Amino acid sequence: MKRFIFIICLVFLGIIGISAKKEQTPIHRLILQGDSCMNEHDSFHAITYYQQYINEHPHDLNVLRKLASCYRLRGDNKKCIACMDSIPNDSLNHEDLRMMFYSYLNLGDKKKVELYGMTIYGKYPYDGEVFATLLQQWNNHGEPESVSAFALSYVEKRDSTNILINKELAYSLYLQLRYEQAIPRYKKLIADGFDNFESNLVIGLCYYNLEKYREAYTYLNKAAEMKKDNPNMNCLFYLGMTCKKISEQTKNVVEKETMARHAIINLERSITVAYPRSRGLYVNQQLAELYYYKLEYENAGHAFAQCIEYDDEDDPHNYYNAAQMYIGAKMKPQAKLYLQMFLAKADKLKDEKEKAKLTAKVKEQLKGLQTDKLKKANYEENNYQFYRFLSLVLHP
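Residues numbered from 1 in each chain as written. Predicted model: local features only at pLDDT ≥ 70, side-chain atom pairs only at ≥ 80, totals over all residues. Heavy atoms only, no water.

(A) Representation of the overall build of the protein chain in the model. For the protein chain, the helix and strand inventory stands at 21 helices and 0 strands. Here the protein chain, with 396 residues, has 41% of them falling under the buried criterion. Of the roughly 23,000 Å² that the protein chain leaves accessible, carbon and sulfur atoms contribute 54%. (Helix = DSSP H or I, 4+ residues; strand = E, 2+ residues; numbered from the N terminus. Buried < 20%, exposed > 50% of the residue type's maximum accessible area, 1.4 Å probe, protein only. Areas by Shrake-Rupley, 256 points an atom, 1.4 Å probe, with all protein chains shown as cover.)

(B) Spatial organisation of the nonpolar core. Ranked by internal contacts, the top residues of the largest apolar core, which has 75 residues, are M84, F101 and I165. The element that contributes the greatest number of residues to this core is helix α12 (residues 197-209), accounting for 8 residues. Ignoring any residue separated from it by four or fewer positions in sequence, one finds I165 in contact with G128, F131, A132, L135, A151, Y154 and V155. Counting residues in hydrophobic clusters, the runner-up holds 28 residues, among them M331, Y338, L339 and A346. (Core = buried A, V, L, I, M, F, W, Y, C linked by side-chain atoms within 4.5 Å. Contact = heavy atoms within 4.5 Å.)

(C) Just the pattern of salt bridges, in detail. Enumeration over the complete set of coordinates arrives at 20 salt bridges. For the salt bridge of R98 with D127, the shortest nitrogen-to-oxygen distance reads 2.8 Å. Of this pair, R98 sits in helix α6 (residues 94-107) while D127 sits in the loop between α7 (110-123) and α8 (128-140), and the two are 29 residues apart along the sequence. The burial state of R98 is the same as that of D127; both residues are buried. Its salt-bridge partner being E129, residue R98 comes within 2.8 Å of it at the nearest N-O pair. Remark: E129 occurs in helix α8 and R98 occurs in helix α6; sequence separation between them is 31 residues. Taken together, the shared-partner salt bridges connect R98, D127 and E129 into one network. (Salt bridge = Lys/Arg side-chain N within 4 Å of Asp/Glu carboxyl O.)

(D) Inspection of the confidence of the model for the protein chain at higher detail. Residues with a pLDDT of 70 or more make up 88% of the protein chain, whose mean pLDDT is 89. Counted against residues more than four places away or in other chains, residues 391-396, with its pLDDT under 50, gives 13 contacts. (pLDDT = per-residue confidence, 0-100.)

(E) Just helix α3 (residues 43-56), in detail. Here α3 contains 14 residues, and its C-alpha end-to-end distance of 20 Å stays within 8% of the 20 Å for a straight helix at 1.5 Å per residue. When we look at burial in α3, the residues that qualify are S43, A46, I47, Y50, Y53 and I54. Projection of α3 onto a plane perpendicular to its axis shows the buried side chains occupying an angular sector of 135°, all on one side. Within α3, the exposed residues directed more than 90 degrees away from the buried face are N55 and E56. Against the buried residues of α3 lie α2 (26-39) and α4 (61-73). The opening residue of α3 is D42, an N-cap whose side-chain oxygen sits 3.4 Å from the backbone nitrogen of F44. (Expected span 1.5 Å × (residues − 1). Arc of directions from axis to C-beta. Polar contact = N/O pair within 3.5 Å; in protein donor to acceptor, adjacent residues only side chain to side chain.)

(F) Here's a closer look at the packing of aromatic side chains. In this structure the tally under the stated criterion is 17 aromatic pairs. With 5.6 Å between their ring centres and 55° between their planes, Y292 and Y293 make a pair best called tilted. By relative accessible area, which is 12% here, Y292 ends up buried. In textbook terms, an aromatic cluster arises when at least three aromatic residues are bridged by ring pairs, as seen for Y121, F131, W138, F150 and Y154. In this arrangement the basic side chain of K227 is found over the ring face of F197, its NZ or CZ atom lying 5.3 Å from the centre. (Phe/Tyr/Trp six-rings, centres within 6.5 Å; stacked < 30°, edge-to-face > 60°. Lys NZ or Arg CZ within 6 Å of the ring centre and 35° of its normal.)

(G) Representation of the environment of S160 within the structure. Looking at where S160 falls in the secondary structure, it is placed in the loop between α9 (144-157) and α10 (163-175). Beyond its immediate sequence surroundings of up to four residues, S160 is in contact with V155, N166 and K188.

(H) Region of interest: helix α20 (residues 352-371). The end-to-end C-alpha distance of α20, which contains 20 residues, comes to 29 Å, matching closely the 28 Å that a straight helix rising 1.5 Å per residue would cover. Taken together, the buried positions of α20 are E354, K355, L358, T359, K361, V362, Q365, L366, G368 and L369.

(I) Geometry of the packing of helix α19 (residues 332-345) against α20. Two elements in contact, α19 and α20, have axes whose closest approach is 10 Å; the angle formed by their N-to-C orientations is 150°. If you check the angle between α19 and α20, you find them roughly antiparallel. Remark: the crossing between α19 and α20 carries left-handed chirality. Only L358, T359, V362, K363, Q365, L366, L369 and Q370 of α20 make contact with α19, whose side of the interface consists of K332, A335, K336, L339, Q340, F342 and L343. Among the residues forming the contact of α19 with α20, the class breakdown is 8 nonpolar, 4 polar and 3 charged. (Axes fitted to C-alpha atoms, helices over the stretch in contact; angles between N-to-C directions. Parallel < 35°, antiparallel > 145°, perpendicular 65-115°, else oblique. Left-handed = near helix turned anticlockwise from the far one by under 90°. Nonpolar A, V, L, I, M, F, W, Y, C, P; charged D, E, K, R; others polar.)

Here's what the structure looks like:
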């Protein structure tokens, strides 16, 4: 009996060995090699192995899914979708639908995002991550009414604790100007741990639009503090306007003065954030160069005058170049003004030879303007001098 059992065991082990050997054929080893690569997060080489296998077995759904996942990890959403399109619709599982949803989301295909999002919502109603993302898309595309309708039903009938869905619901109410309804939902978000810049800003804006300026100040000031290292222009603007409103309404003299000062500070900061001085300088330098090449000397002069407004180093070349352009535009008062301003700033030039040369040239030009005898040849020479310093300013 024992001998019989021993023989049976040998036969069974032999069958297992044959089966394992069959699985280790070269074509099947491609899957194992691909899986090994993915264990190391190496999607680049995994694609090669999976694709070789698919070339021989194009209808292997599991390997198609592996290949699609590799493409998605690499941001190649079109190839990911192409792989998933090879899977019959009645064979698509939850993860397949999610892969299609996020691939189309990355491609910005609104219709497909909605199609797969609603399919997931119908089949897997507790997939809050996908549903929240779909709601966000609707809010971003100007459909807050759809968000509030679906989200309200979701939190009332399924899951009232999902912060991401409650956030989109609250924001949709704000977008619909339903401020009284949005405020308690944002306050609940804050109580649940979503106490961030966005929540405080939107509550502040709700109170501002309801003309409850003291309440607005509390939240807008908190939001501004949260973004003090990376200021937000809208937050600073509405905080400034809120301070202005409080200053106008209060009868307390000290508070009136304090809030007026805060209003000025925050409104000025909002301008700086919206249009940084360094950017203003660079933009006007580019405009000056373009106008100069188009022979639009008046506009080039105006652009250089704007450079002066934004240049914290107060570079004398801006005055010089503005003057040359106004000379070219035959705008005598403006040319005279900027030539005189250049002379007042010339000591800032570090190169003594350059300072001496430009100062002599400007004095000669001022004399010519005073006698109305500025020669054409003299202006042509100034053009060359202007271009040299234009290059110096714009391309140091």
